[in-house]
Amino acid sequence: MDDRPHLFDLTPQTLGELIADWGMPAFRAKQVLEWVYQQGVTDPQLMTNLGKADRQTLAQNLCLVRGRVLGHQLATDGTQKMLIDWSLPPDPPVSPVSPESPQNQPDTHSLNVLGDSASQTECVMIPADESKPRRTACISSQIGCAVGCKFCASGLGGLDGNLTAGQIIQQAWQLGQLKGVDRISHIVFMGMGEPLANFNEVTRAIQTLTAPWGLGISARRITVSTVGLPSQIRKLAEIDIPITLAVSLHAPNDELRRQLIPWAKSVTIDQLIDAGRDYFKKTGREVTLEYILLGGVNDQPEHAHELAHIAKRLRSNINLIRYNEVAALPFNRPADPSVRQFQHVLQTAGVNCHIRASRGRDIAAACGQLRHEHRSV
Ligand code: SF4
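Since the model is a prediction, treat every value here as computed from it, not as a measurement.

J.: Even after reading the chapter, I still don't get the overall build of the protein chain, so can you show me in this structure?
T.: A count of helical and extended segments in the protein chain gives 11 helices and 12 strands. The buried share of the protein chain, taken over its 377 residues, is 56%. Of the roughly 15,900 Å² of accessible surface on the protein chain, 50% is carried by carbon and sulfur atoms.

Laid out in structure tokens, this is it:
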């Protein structure tokens, strides 16, 4: 494991302090951050406004990119997914002038090195349809996940560890370097892990993702999706960054929710509603409820009626997500008519709800699925 400081963990101030310690002028920090975040250059040798000695000092003392891309898949709809092993040294530096670097090759379907899945995470770039410039990065906050949702591939092996802020930021940056992606416009914390269980690193990452010197993404275009930890939801409201909070409900009553989400045994839906209301009061931002529709499990009209009641108590909007099947898990994607009927019940009850478009269906689209398949190879 590389124990040098990771560039993506640093701010102008902390990088400036390191640079001063290494005997370089302080203004180099700004130049280095511009190379990385504005130009997409992580090879110090290509930072042409730095002297040769400073470039060498940087290369010796700073880890610019961590981890190796083990798998890179491209779906027919343009969705791209990467599997990163954080324990392995990186591929050659990523740079716009190195179009042959692995991260810039979007047509790879291979899983080329068998690493250890206990150090691997996934991230996904989801383009909007061709008429819109929206490019969403779906990133992971942890390696594996302790929540253990019964329908999710990420929870299958439990939690292997937290990602650092730098590793979280690097995923978004790396997805922005993919061929055909001008820049990432939106971020969703909907990859592996429970973001609010890695609160400090996630919130530190959000500071850089939104910073003008960092990725400069509007906080309003960042969504943190949580299974629902009431104390952490209230803590998030206190940090005063106007992100969108999404609560993964997935069931309209405690009994079913506890069957699907083991962590729900200690948190009731009423407690989540209270925390969501407090979040709204503090931030003025409406909470989104995420609801994965599992065929024959939680997709019946009576479930929709119960869900409408919750949404109205919380004054929230609802995202309906059609399940993407995972091999070895006993859940099915719901049929389209039952999805439409479910939405109809909610809309008739006056709830603002929409069905999320399924993307990347021809690659391992479900959260944690690529890592799971890689683990099973
Ligand atoms: S759905 Fe999210 S919270 Fe649940 S196990 Fe998967 S990654 Fe964890």
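Additional details are given in the paragraphs that follow.
J.: Is there a simple way to explain the sheet that holds strand 1 (residues 68-74) in this structure?
T.: Two modes of strand pairing occur in sheets, parallel and antiparallel, and in both the strands are linked by backbone hydrogen bonds. On the basis of which strands lie adjacent, the open sheet formed by 10 strands has the order 1-2-3-4-7-8-9-10-11-12 and mixed pairing. One side of each edge strand has no neighbouring strand; the edge strands of this open sheet are strand 1 and strand 12 (353-355). Neighbour-to-neighbour, the strand axes of the sheet open up by a mean angle of 20 degrees, direction not taken into account. Sheet analysis places strand 7 (residues 186-189) next to strand 8 (residues 222-226), joined by 3 bridges and oriented parallel. Residue Phe189 lies in a different strand from strand 8, and its bridge partner there is Val224.

J.: What's the story with the confidence of the model for the protein chain in this structure? I'm lost.
T.: Atomic detail in the predicted coordinates should be set aside for any region of low pLDDT. Taken residue by residue, the protein chain gives an average pLDDT of 90. The fraction at 70 or more is 89%. Here residues 96-113 scores under 50 on pLDDT; set against residues more than four positions off or in separate chains, the count is 51 contacts.

J.: I'm lost on the environment of Asp54 in this one. Help?
T.: Here Asp54 is to be found in helix 3 (residues 52-61). Accessibility expressed as a relative area gives 13% for Asp54, which makes it buried. Spatially, the C-alpha atom of Asp54 lies 9.4 Å from that of Ile19, the residues being 35 residues apart in sequence. Discounting chain neighbours no more than four positions away, the residues touching Asp54 are Met24, Pro25 and Arg28.

J.: Help me out: how do you make sense of unusual backbone geometry in this one?
T.: What is expected of a backbone is that most residues other than glycine have negative phi and most peptide bonds are trans. In this model, Asp240 sits at a positive phi of 60 degrees, which is unusual for a non-glycine residue. Along the chain, Asp240 falls in the loop between helix 6 (230-238) and strand 9 (244-248). A positive phi angle, close to 65 degrees, is found at His250, a residue other than glycine. Note that His250 resides in the loop between strand 9 and helix 7 (254-260). Of the residues examined, His250 reaches a relative accessible area of 6% and is grouped as buried.

J.: Is there a simple way to explain the side chain of Gln167 in this structure?
T.: Structurally, Gln167 is set in helix 4 (residues 165-176). Not counting residues up to four positions away in its chain, the partners in contact with Gln167 are His6, Arg66, Trp86 and Asn162.

J.: Before we go on, may I ask you to explain the pattern of salt bridges in this structure?
T.: Pairs can form between side chains of opposite charge whenever their charged atoms are close. Summed over the entire model, instances satisfying the criterion amount to 12 salt bridges. Among the charged side chains, a salt-bridge network with shared partners connects Asp9, Glu201 and Arg204.

J.: What's the story with the layout of surface pockets in this structure? I'm lost.
T.: Rolled over the atoms, a probe with the dimensions of a water molecule shows which regions are left empty. Of the pockets and cavities examined, the second largest pocket occupies roughly 250 Å³. Looking at the second largest pocket, it is lined by 15 residues, and the ones nearest its centre are Tyr37, Gln177, Asp182, Arg183 and Leu215. Elements that contribute at least two residues to the lining of the second largest pocket include exactly helix 2 (28-38) and helix 4. Residues belonging to the lining of the second largest pocket are distributed by class as follows: 7 nonpolar, 6 polar and 2 charged. Counting the residues that make up the lining of the second largest pocket, at least three belong to each of domain 1 (7-61) and domain 2 (68-376).

J.: Help me understand the nonpolar core in this model?
T.: For soluble globular proteins, the rule of thumb is that nonpolar side chains tend to be buried together. Core analysis: the biggest nonpolar cluster contains 85 residues, and Ile187 and Phe189 have the highest contact counts within it. When residues of this core are assigned to domains, at least three fall in each of domain 1 (7-61) and domain 2 (68-376). Excluding its chain neighbours within four sequence positions, the residues that come into contact with Phe189 are Ile139, Ser141, Ile168, Pro195, Val202, Ile206, Leu209, Ile222, Thr223, Val224 and Ser225. Formed by 19 residues, the second largest nonpolar core is a distinct cluster that contains Cys145, Phe151, Leu256 and Ile321.

J.: Help me understand the pairing of strand 1 in this model?
T.: When a strand is regular, its side chains alternate between the sheet's two faces. The buried fraction of strand 1 amounts to 5 of the 7 residues, a majority that puts the element mostly inside the structure. Summarising the sheet, strand 1 and strand 2 (residues 80-85) pair through 6 bridges and their orientation is antiparallel. Paired with Leu74 across the two strands is Gln80, which belongs to strand 2.

J.: Is there a simple way to think about empty space enclosed by the protein in this case?
T.: Inspection of the entire model under this criterion finds 1 cavity of 30 Å³ or more. One number sums up the size of the largest cavity: a volume of about 40 Å³. Lining the largest cavity are Val247, Leu249, Ile269, Leu272, Ile273, Leu289, Ile310 and Leu314. Contributing elements (two or more residues each) for the lining of the largest cavity: helix 8 (269-283) and helix 9 (301-314). In terms of residue count, helix 8 provides more of the lining of the largest cavity than any other element does, 3 residues in total. Of the residues contributing to the lining of the largest cavity, the split by class is 8 nonpolar, no polar and no charged.

Cut-offs applied
- Residues numbered from 1 in each chain as written.
- Predicted model: local features only at pLDDT ≥ 70, side-chain atom pairs only at ≥ 80, totals over all residues.
- Heavy atoms only, no water.
- Helix = DSSP H or I, 4+ residues; strand = E, 2+ residues; numbered from the N terminus.
- Buried < 20%, exposed > 50% of the residue type's maximum accessible area, 1.4 Å probe, protein only.
- Areas by Shrake-Rupley, 256 points an atom, 1.4 Å probe, with all protein chains shown as cover.
- Pairing = 2+ DSSP bridges.
- Axes fitted to C-alpha atoms, helices over the stretch in contact; angles between N-to-C directions.
- pLDDT = per-residue confidence, 0-100.
- Contact = heavy atoms within 4.5 Å.
- Salt bridge = Lys/Arg side-chain N within 4 Å of Asp/Glu carboxyl O.
- 1 Å grid on protein atoms, 1.4 Å probe; cavity = no way out; pocket = protein on both sides within 12 Å on 5 of 7 lines; lining within 4 Å.
- Points joined across faces, edges and corners; volume = space filled by probe spheres on them.
- Nonpolar A, V, L, I, M, F, W, Y, C, P; charged D, E, K, R; others polar.
- Domains from an automatic or database assignment.
- Core = buried A, V, L, I, M, F, W, Y, C linked by side-chain atoms within 4.5 Å.

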